Amino acid sequence: MPSSLTTQRRLFMAFLRIGLLGFGGGPSMIPLVRAEAVTRYQWMNDEEFGDVLAIGNTLPGPIATKMAGTIGYRVGGVLGCINAVVAVIVPCIVAMMVLLGLFTRYRDQRWIQGMSEGVVPVVMVMMAQLTWDFFQKSRVVLGWIATLIMGVIAGGLIYGLGIHPGLVIGAILVAALLRPERRRERSEEAKP
Amino acid sequence: MIYWDLFLAFFIPNIVGYGGGPAIIPLVENEVVGRYGWMSSQQFAETLALGNTLPSPIATKMAGYIGYDIAGIGGSLVATFATVAPSLILMLVALGTLYRYRDSIKVKSMSQWVRPVIMVLMGYLTWSFLGEGVHDAGWIHTAIIAAISVVMLWRLKLHPVWAVVVGLVYGGFLLG
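Note that the coordinates shown come from a computational prediction; the quantities given were computed from them, not determined experimentally. (Residues numbered from 1 in each chain as written. Chains lettered and ligands numbered in written order. Predicted model: local features only at pLDDT ≥ 70, side-chain atom pairs only at ≥ 80, totals over all residues. Heavy atoms only, no water.)

## Some words on the overall build of chain A
Going by this rule: Segments assigned H or I by DSSP are reported as helices when at least four residues long, segments assigned E as strands when at least two residues long, and all are numbered from the N terminus. Computation of the radius of gyration draws on C-alpha atoms alone. For the globule rule, the value is 2.2 Å times the number of residues to the power 0.38. A contact between two residues is defined here by any heavy atoms of the two lying within 4.5 Å. Residue burial considers only the protein chains on display, and all accessible areas are found by Shrake-Rupley using a 1.4 Å probe. When charges are counted, neither His nor the chain ends are considered; positive counts come from Lys and Arg and negative counts from Asp and Glu. By convention, the charge on Lys lies at NZ, on Arg at CZ, on Asp at CG and on Glu at CD.
When you go through chain A residue by residue, the secondary structure sums to 9 helices and 0 strands. In chain A, the order of α-helices and β-strands from amino to carboxyl end is α-α-α-α-α-α-α-α-α. Relative to the globule expectation of 16 Å for 192 residues, the C-alpha radius of gyration of chain A, 21 Å, shows a markedly less compact shape. Contacts in chain A between residues at least 24 apart in sequence constitute 42% of all its contacts with a sequence separation of at least 6. For chain A, the exposed surface amounts to about 9600 Å²; the carbon and sulfur share of it is 65%. Across chain A, the mean location of the 18 positive side-chain charges is 5 Å away from that of the 12 negative side-chain charges.

Now the structure itself:
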């Protein structure tokens, strides 16, 4: 059994690598977490990793930090939990502050203003792609008719009536929890 | 109380945002741009664009930077804490209970039923970025940059960083 200092150092290095290589946001980092936690350091086997991932998916919020925190806690206690989360997020938050700090400092330069305008359509396309991805994922499970009906109703409530999206989602979460269990078999067939 | 507002602005999106980091983006925009007016839509788009060029989870990068922009290091810590801590603490405390429900139909339907709402929020955000782009850069430049991005991201499946670089260079030379 390695000493606790070694464990903490390994945790930090593992999640630092995951954070620095994880281009594309949290969900794209899952295979990287597996490579470190299962393959390299053998902190857990594949089945346990699958369980942590499945449990993480039962909760909202970013998946990468939930996995980092849980694995860190299992391996190195509360300190390990904080250590792993910090390693995975802090370096890139600092990089972000430096990058955007420079950007803001020279904002009155015409060409910097041009750059910030030029990037808006790119973000629009990225957002359109995410919208499409969520439509596809939803269509596979709920069917496109239900997806569109739910989408239109949600859009009407949020943008038509000005209801906070958190309330709309909250209501859906409650409805999902209250759904009758007898529809179990049908839903399981409909799984992607 | 700015720290309390910051906490709420990031706590709410992360407690209802099923579907990982990207699902949280439109919810955060709703708070930061729509509700509290801390940033303009364009500043939010910039933050998102530069955030996408860096690795690590997008939700925490957005929280860490926006918190910093609004209330300094303290703000950064509060926003990041509100993003990471609630669901992580819940996960650690209720690991056993959650383990039992990890394959439950009810729990699965929670994240599945939320998707159409997230889709609408993302679609609306796409629409408002379109309006923003046309307003600032004109529809011709917006259409050209968007077309290049579509080819790079959808057809060639290049990493977003390259599309962002193209947008920055194009804007720097032709929109400056």
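## Regarding the domain arrangement of chain B
Interface size is commonly expressed as the accessible surface area that is lost when the partners come together. All names here are of chain B. Note the following rule: Boundaries between domains were set according to an automatic or database domain assignment. Once two parts are brought into contact, the accessible area they lose, counted with a 1.4 Å probe and summed over both, makes up the buried area.
Domain boundaries assigned for chain B yield domain 1 (1-101) and domain 2 (110-175). Contacts between the two partners involve 17 residues from domain 1, matched on the other side by 15 residues from domain 2. Both sides of the domain 1 and domain 2 interface together cover about 1300 Å² of buried area, and 78% of this is carbon and sulfur. Together, Tyr18, Pro26 and Thr53 form the three largest contributors to the area buried by domain 1 at its contact with domain 2, with a combined 39%.

## Let's talk about the interface of chain A and chain B
Defined as follows: A pair is scored as a salt bridge if a Lys or Arg side-chain nitrogen falls within 4 Å of a carboxyl oxygen belonging to Asp or Glu. Counted as a polar contact is a pair of N or O atoms within 3.5 Å, where, for protein atoms, one must be capable of donating a hydrogen and the other of accepting one, and residues adjacent in sequence contribute only when both atoms are in side chains. Side-chain classes are defined by residue name, with Ala, Val, Leu, Ile, Met, Phe, Trp, Tyr, Cys and Pro counting as nonpolar, Asp, Glu, Lys and Arg as charged, and the others, Gly among them, as polar.
Facing 91 residues of chain A, the contacting portion of chain B comprises 98 residues. Regarding the contact of chain A and chain B, the summed buried area is about 8700 Å², with carbon and sulfur atoms giving 78% of it. Scanning the region where chain A abuts chain B turns up 2 salt bridges. Among the salt bridges present, the one from Glu46 of chain B reaches Arg107 of chain A, with a minimum N-O distance of 2.9 Å. Between the two partners, chain A and chain B, sit 21 residue pairs in polar contact (both at pLDDT 80 or more). Mapped by element, the contributors of at least two residues to the side of chain A that touches chain B are helix H1 (4-21), helix H3 (46-57), helix H4 (63-105), helix H5 (110-118), helix H6 (120-142), helix H7 (144-160), helix H8 (165-178) and helix H9 (184-189) of chain A. A total of 20 residues in the side of chain A that touches chain B trace back to one element, the largest contributor, which is H4 of chain A. Classifying every residue of the side of chain A that touches chain B gives 55 nonpolar, 26 polar and 10 charged.

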